[in-house]
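Structural features, examined
Now for the letters of each chain:
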Amino acid sequence: MVKQNTTLNVKTYCFYGQDFQKNKLNSVINDLQTNSNDAIFFYYTGHGFNQDSNDFPTLTLGLRGDALSSRTKPLLDIYNTLRGKPHRLLMVIAEACNAVYGSRSNAGNYTGSYDAFEGDNTKLQTLFAESSGDYLMSSSKKGQRSFCPTGGLGYFTRGFKDALDERTSSFSVSSFLNKIAINTTKYAGDYAAEEQHPQWLSGVYSDGKSKKPSLTPSGSTKKASGEFDDVNIETSGENLVVKVTFSISNMKDKDGRVVCYFYDADGNELKDLNSLYTTTDGYVSVGKDIKPSYENSTYTDLEVTIPKSELHQSGVNARILKVQVLVWDKSKSESTELFRSGYESFSFIPSESYLKIDGTTSDKTVQFGENGGEETFDVNTSADSFETWGVPSWCKISKKTSTSFTLVCESNPNSDDRSDYMKVKAAGKEIRIDISQDANSGPSAEIENIWVDHNQMNGWYKGMCIHVKFSINGMKGRRCNVIAAFYYGDNSTPLRNQYGGNLTYNAYGNVNHDPGRYDDFTLFVPYSGLYLVGSGMANFSFDIIINDDSGNKLARHNNIQFTYCQ
């Protein structure tokens, strides 16, 4: 394409098919003879992966089945080798995956035709005969794959083609390549549905870790400069956000600042009223500090934010305002302007109504346990105050300020879950908060095992030892009462005590833990205490009941049978 459309002397080395070998590539690169006015252009398309040694891909050549070590060539090695050759322009480009053992895939949004580069002699002449510098570009960042549509150019190559095709002679030679690189990155990301992001650097780049020493010759200093590519203004919510995209050169590791200045529709500066976002002479402005990491850096959608109230506009009607963005060099004792954008107009409504809780306008849900608790909500509204409406009777509002409130929930005395809702109202809007609380579980116990040892002595008395194994919850620091209630063998007719009531024996236990556990809680019941009359053998039974210290039943196990002979 270059040979057909320019008068340049072009020497081409192509590697494909059986020639697509690492040793042949190395031989050509190492033996390449150039002079200081030559343009060196290296382009690779194929498989690649990242070896985690630098930010750029390792290329895979040769045939499948060959040892991987004999087929791989790091893109950064190619760049550093060619950088040592005399040249005016060096462009090293690879369209290859940059993930660990990744592969190219069909994906993305681009559905147009796959025509070749436009045969525009002016653009090609500008690129290869007039431009200068060192450029290293790969189609995706570390960890990403590289995409292409079936049967067409890869999305990165397509983006490079479109970026080159749209350049005209109105762009200066000095900004030509930076514009190509910036727009290639943008277009390729768009085509690939933002799943790959090309990366590029210019100048000397030695270690692949976003670190690039200056190309400035010793004893000389290049003047810092730059150019805006885009300025967008977003006015939703309570903030105004200015998003700026620009390139900047010769400011590596120097302090700079991006500053936005605001004007009315007639171009008059907006007067600051409270000295919060202001220039030294009292007009509205807001800025953000930068420190470029490279000699040629690009910032994409850098956000500079100012509260809408700080523009000091009154009323409810929309009006047109303007913003202009300047980039300053702050590295010296006196700041100097580097470059500025044009005036960007935007529509502005001062009193836009809004209500947010915890940063969103969506309804909220809060869940409390049976013991209650509290939950704090942050409130942000354009109104002077807000209202809490419909608070449930078992809740209350505390610590209310102009920007927050705390919802306090009391303990649930009921054995059922409960729920209700409330609303926060302000600025003609409302947000619902659904409130629910767990039921009161109360103390509980579970009987796991009961066994009996007969004919046991306790002092002078013979009787039966009843053993109970059980667990107990919610009773720490309290006493439980274990009761044995006696019946005849039908487990219905009670044995009577000396007062005519149901015969029972019981013992108390202190609960020192929550949950608590008894592996062998023992009750001794003397046979004489059964108050049996007559003689002979008969069947009897008992129930085990566990109560709390207020007499509330926690657990019961019925009908433990035993035989007694008198």
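Quick caveat: nothing in here was measured; it's all calculated off a predicted structure.

Attention now moves to the pattern of salt bridges. Inspection of the entire model under this criterion finds 16 salt bridges. Put simply, Glu374 and Lys399 hold a salt bridge, and the shortest N to O gap is 3.7 Å. Of this pair, Glu374 sits in strand 18 (residues 373–381) while Lys399 sits in the loop between strand 20 (395–398) and strand 21 (404–409); the two residues are 25 residues apart in sequence, bridging distant segments of the chain. Owing to a relative accessible area of 47%, Glu374 belongs among the partly exposed residues under this scheme.

This part is about the packing of helix 2 (residues 22–31) against helix 3 (residues 75–83). Two elements in contact, helix 2 and helix 3, have axes separated by 9 Å at closest approach and are oriented at 25°. Here helix 2 is positioned roughly parallel relative to helix 3, judged by the angle of their axes. Across from Leu25, Ile29 and Asn30 in helix 2, the residues of helix 3 making contact are Ile78, Thr81 and Leu82. Classifying every residue of the contact of helix 2 with helix 3 gives 4 nonpolar, 2 polar and no charged.

Structurally, Phe368 is set in strand 17 (residues 364–368). With relative accessibility at 5%, the residue Phe368 sits in the buried group. Considering only alpha carbons, one finds Phe368 and Val408, 40 residues apart in sequence, at a separation of 9.6 Å. Residues in contact with Phe368, not counting those within four places in the same chain, are Gly373, Glu374, Glu375, Leu407, Cys409, Ile435, Ser436, Gln437 and Asp438.

Read from one edge to the other, the open sheet built from 4 strands follows the order 16-18-21-20, with strand pairing classed as antiparallel. Strand pairing shows two members of the sheet lacking a second neighbour, strand 16 (355–357) and strand 20, which therefore form its edges. Direction aside, the axes of adjacent strands within the sheet are offset by 25° on average. Note that strand 16 and strand 18 share 3 bridges and pair antiparallel. By the bridge assignment, Ile357 is partnered in strand 18 with Val379.

A few words now on the confidence of the model for the protein chain. Of all residues in the protein chain, 85% have pLDDT values of 70 or greater, and the mean over the chain is 84. Within the model, pLDDT remains below 50 along residues 168–174, and this stretch shows 5 contacts once partners closer than five positions in the same chain are excluded. Confidence drops under pLDDT 50 across residues 204–220; counting only partners more than four residues distant or on other chains, this segment forms 43 contacts.

As a further point, take the side chain of Ser139. Considering the arrangement of structural elements, one finds Ser139 in the loop between strand 6 (133–138) and helix 5 (155–166). Since its relative accessible area comes to 0%, Ser139 is described here as buried. There is a polar contact of 3.1 Å between the side chain of Ser139 and the backbone nitrogen of Ala96. Engagement of the side chain of Ser139 in a polar contact is seen with the side chain of Ser146, the distance being 2.8 Å.

The next subject is the nonpolar core. Counting residues in each nonpolar core, the largest one holds 32 residues, and the members touching the most others are Ile466, Val468, Phe470, Phe486, Phe542 and Ile544. Of all the secondary structure elements, the ones that give two or more residues to this core are strand 24 (444–458), strand 25 (461–473), strand 26 (479–488), strand 28 (516–526), strand 29 (537–547) and strand 30 (553–565). Apart from the residues within four sequence positions on either side, Phe470 is in contact with Glu446, Ile447, Glu448, Cys480, Val482, Arg517, Tyr518, Phe521 and Ile546. In terms of nonpolar packing, the next biggest core, distinct from the first, is built from 28 residues, Val242, Phe246, Leu311 and Phe346 among them.

Bridge count for strand 19 (residues 387–389) against strand 22 (residues 418–426) is 3 bridges, and the pairing is antiparallel. Opposite Thr388, over in strand 22, you have Val424 as the bridge partner. Where strand 22 lies against strand 23 (residues 429–437), 9 bridges are found, and the strand directions are antiparallel. Across the sheet, the residue bridging to Ser419 is Ser436, located in strand 23.

That bond from Asp514 to Pro515 is cis: its omega, 5°, falls within 30 degrees of zero. Looking at where Pro515 falls in the secondary structure, it is placed in the loop between strand 27 (504–510) and strand 28. Located in the positive-phi region is Asn455, a residue other than glycine, with phi close to 55°. Within the secondary structure, Asn455 is located in strand 24. The backbone of Asn491 shows a phi angle near 55°, a positive value even though the residue is not glycine.

A few words now on the environment of Cys395. Along the chain, Cys395 falls in strand 20. By relative accessible area, which is 10% here, Cys395 ends up buried. Separated by 15 residues in sequence, Cys395 and Glu410 place their C-alpha atoms 6.2 Å apart. Residue contacts for Cys395: discarding those within four places in its chain leaves Leu407, Val408, Cys409 and Ile435.

It is worth spelling out helix 2 at this point. All of the buried residues in helix 2 are Lys22, Leu25, Asn26 and Ile29. Summarising the axial view, the buried residues of helix 2 lie within an arc of 100°, below the 170-degree limit, and thus occupy one face. Across helix 2 from its buried face, at more than 90 degrees, point the exposed residues Asn23 and Asp31. Summarising the contacts, the buried residues of helix 2 are in contact with strand 1 (39–45), strand 4 (72–74) and helix 3.

When helix 3 is considered as a whole, its buried residues turn out to be Leu75, Leu76, Ile78, Tyr79 and Leu82. Seen from one end, helix 3 has its buried residues packed into an arc of 160°, which puts them on one side. Tucked into the core, helix 3 has its buried residues touching helix 2, strand 1, strand 3 (58–60), strand 4, strand 5 (89–95) and strand 6.

What counts as what
- Residues numbered from 1 in each chain as written.
- Predicted model: local features only at pLDDT ≥ 70, side-chain atom pairs only at ≥ 80, totals over all residues.
- Heavy atoms only, no water.
- Salt bridge = Lys/Arg side-chain N within 4 Å of Asp/Glu carboxyl O.
- Helix = DSSP H or I, 4+ residues; strand = E, 2+ residues; numbered from the N terminus.
- Buried < 20%, exposed > 50% of the residue type's maximum accessible area, 1.4 Å probe, protein only.
- Axes fitted to C-alpha atoms, helices over the stretch in contact; angles between N-to-C directions.
- Parallel < 35°, antiparallel > 145°, perpendicular 65-115°, else oblique.
- Contact = heavy atoms within 4.5 Å.
- Nonpolar A, V, L, I, M, F, W, Y, C, P; charged D, E, K, R; others polar.
- Pairing = 2+ DSSP bridges.
- pLDDT = per-residue confidence, 0-100.
- Polar contact = N/O pair within 3.5 Å; in protein donor to acceptor, adjacent residues only side chain to side chain.
- Core = buried A, V, L, I, M, F, W, Y, C linked by side-chain atoms within 4.5 Å.
- Arc of directions from axis to C-beta.

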